[in-house]
Amino acid sequence: MEQTFIMIKPDGVQRGLVGEIIGRFEKKGFYLKGLKLITVDQSFAEKHYADLSAKPFFNGLVEYIISGPVVAMIWEGKNVVTTGRKIIGATNPAESAPGTIRGDFAIDIGRNVIHGSDSVESARKEIALWFPESPVNWQSSVHPWIYE
Ligand code: RTP
């Protein structure tokens, strides 16, 4: 089953949005397969955002991500990468639809509360980076009530 990497950024943790965000993924029907509260250092943040290293906002982005603890998660389910990005909303909260996490809780692009992998391939890489230990292996017994 497909997995994605979701991170609640430092602003989301500081603002007390952890429960709200986890609730949205849980209520959709996705399964939580990894979860930790972690503060990362500069070289780790630079590795996570390596693809953006040439962008003018890169240094500010790294500073933001290392400014406090983040909640790193693995979520699992059919199409969870694409659907997860829909639940999160557009990168710039000014363009995120109401009802999405960024549309409901964010204003500035540099404080947009949450990260979600943008493809199955980046999910695989990000999960390997953030969860070098084996994620928790469990199966939900509600499966037949979510999938036909
Ligand atoms: P994320 O990786 O955090 O899920 O965001 P994304 O795919 O929607 O957007 P991406 O282009 O990968 O950018 C990563 C994060 O960098 C910050 N950003 N700032 N100041 C700017 O113009 C700017 N553009 C992007 C955002 O925090 C964005 O989520």
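Note that the structure is predicted; figures quoted are calculated from it, not measured.

**Quick word on the overall build of the protein chain**
Helix and strand counts for the protein chain stand at seven helices and four strands. Secondary structure elements of the protein chain, listed N to C terminal, follow the sequence β-α-α-β-α-α-β-α-α-β-α. For 148 residues, the compact-globule formula gives about 15 Å, and the C-alpha radius of gyration of the protein chain, at 15 Å, lands near that figure. Expressed as lengths along the three principal axes of its C-alpha atoms, the size of the protein chain is roughly 45 × 35 × 25 Å.

**Details of the side chain of Asn 112**
With respect to the secondary-structure elements, Asn 112 resides in the loop between α6 (101-105) and β4 (114-116). Note on Asn 112: relative accessible area 2%, which makes it buried.

**Details of the sheet that holds β4**
An order of β2-β3-β1-β4 is seen for the four strands of this open sheet, with the pairing classed as antiparallel. Edge strands, defined here as strands with exactly one partner in the open sheet, are β2 (31-38) and β4. Taking the axes of each pair of neighbouring strands and ignoring which way they run, one obtains an average angle of 15° across the sheet. In the packing of helix α2 (residues 18-28) onto the sheet, contacts are made with β1 (3-8), β2, β3 (70-76) and β4, and the angle to β3 comes to roughly 5°. Sitting on the sheet, helix α7 (residues 120-130) is in contact with β1, β2, β3 and β4, with an inclination near 60° to β1.

**What to know about the side chain of Lys 9**
Summarising the element assignment, Lys 9 is placed in the loop between β1 and α1 (10-14). Of the side chains with opposite charge, Asp 11 lies nearest to the buried Lys 9, which makes no salt bridge, at 6.8 Å. Every residue in contact with Lys 9, bar those within four places of it in the chain, is listed here: Tyr 49, Tyr 64, Ile 65, Val 70, Arg 102, Asn 112, Val 113, Ile 114 and His 115.

**Overview of the UniProt feature "binding site: ATP" (unreviewed entry) in the protein chain**
On the UniProt side, "binding site: ATP" (unreviewed entry) is annotated at positions that read Lys 9, Phe 57, Arg 85, Thr 91, Arg 102 and Asn 112 here. From this annotated list, the subset lining the largest pocket comprises Lys 9, Phe 57, Arg 85, Thr 91, Arg 102 and Asn 112. For Lys 9, a relative accessible area of 5% gives the class buried. By secondary structure assignment, the location of Thr 91 is in the loop between α5 (80-88) and α6. Residue Thr 91 is classed as partly exposed on the basis of its relative accessible area of 43%.

**So, the site of the ligand**
Taken together, Lys 9, Tyr 49, Leu 52, Phe 57, Leu 61, Arg 85, Thr 91, Arg 102, Ile 109, Asn 112, His 115 and Gly 116 are the residues near the ligand. With respect to the ligand, the side chain of Arg 102 contributes an N or O atom lying 3.4 Å from an oxygen atom. Measuring from an oxygen atom of the ligand, one finds a backbone N or O atom of Ile 109 at 3.1 Å. Look at the ligand: alone it shows 560 Å² of surface, and the protein chains cover 77% of it. The cavity where the ligand resides is the largest pocket. Grouping the amino acids of the shell around the ligand by side-chain chemistry returns five nonpolar, four polar and three charged.

Rules behind the numbers
Residues numbered from 1 in each chain as written. Predicted model: local features only at pLDDT ≥ 70, side-chain atom pairs only at ≥ 80, totals over all residues. Heavy atoms only, no water. Helix = DSSP H or I, 4+ residues; strand = E, 2+ residues; numbered from the N terminus. Rg over C-alpha atoms; globule rule 2.2 N^0.38 Å. Buried < 20%, exposed > 50% of the residue type's maximum accessible area, 1.4 Å probe, protein only. Pairing = 2+ DSSP bridges. Axes fitted to C-alpha atoms, helices over the stretch in contact; angles between N-to-C directions. Contact = heavy atoms within 4.5 Å. Lys, Arg positive; Asp, Glu negative; His and termini not counted. Salt bridge = Lys/Arg side-chain N within 4 Å of Asp/Glu carboxyl O. UniProt positions renumbered as here; feature names shortened; annotations may be inferred. 1 Å grid on protein atoms, 1.4 Å probe; cavity = no way out; pocket = protein on both sides within 12 Å on 5 of 7 lines; lining within 4 Å. Near = heavy atom within 4 Å. Polar contact = N/O pair within 3.5 Å; in protein donor to acceptor, adjacent residues only side chain to side chain. Areas by Shrake-Rupley, 256 points an atom, 1.4 Å probe, with all protein chains shown as cover. Sits in = over half its atoms within 2 Å of the grid points. Nonpolar A, V, L, I, M, F, W, Y, C, P; charged D, E, K, R; others polar.

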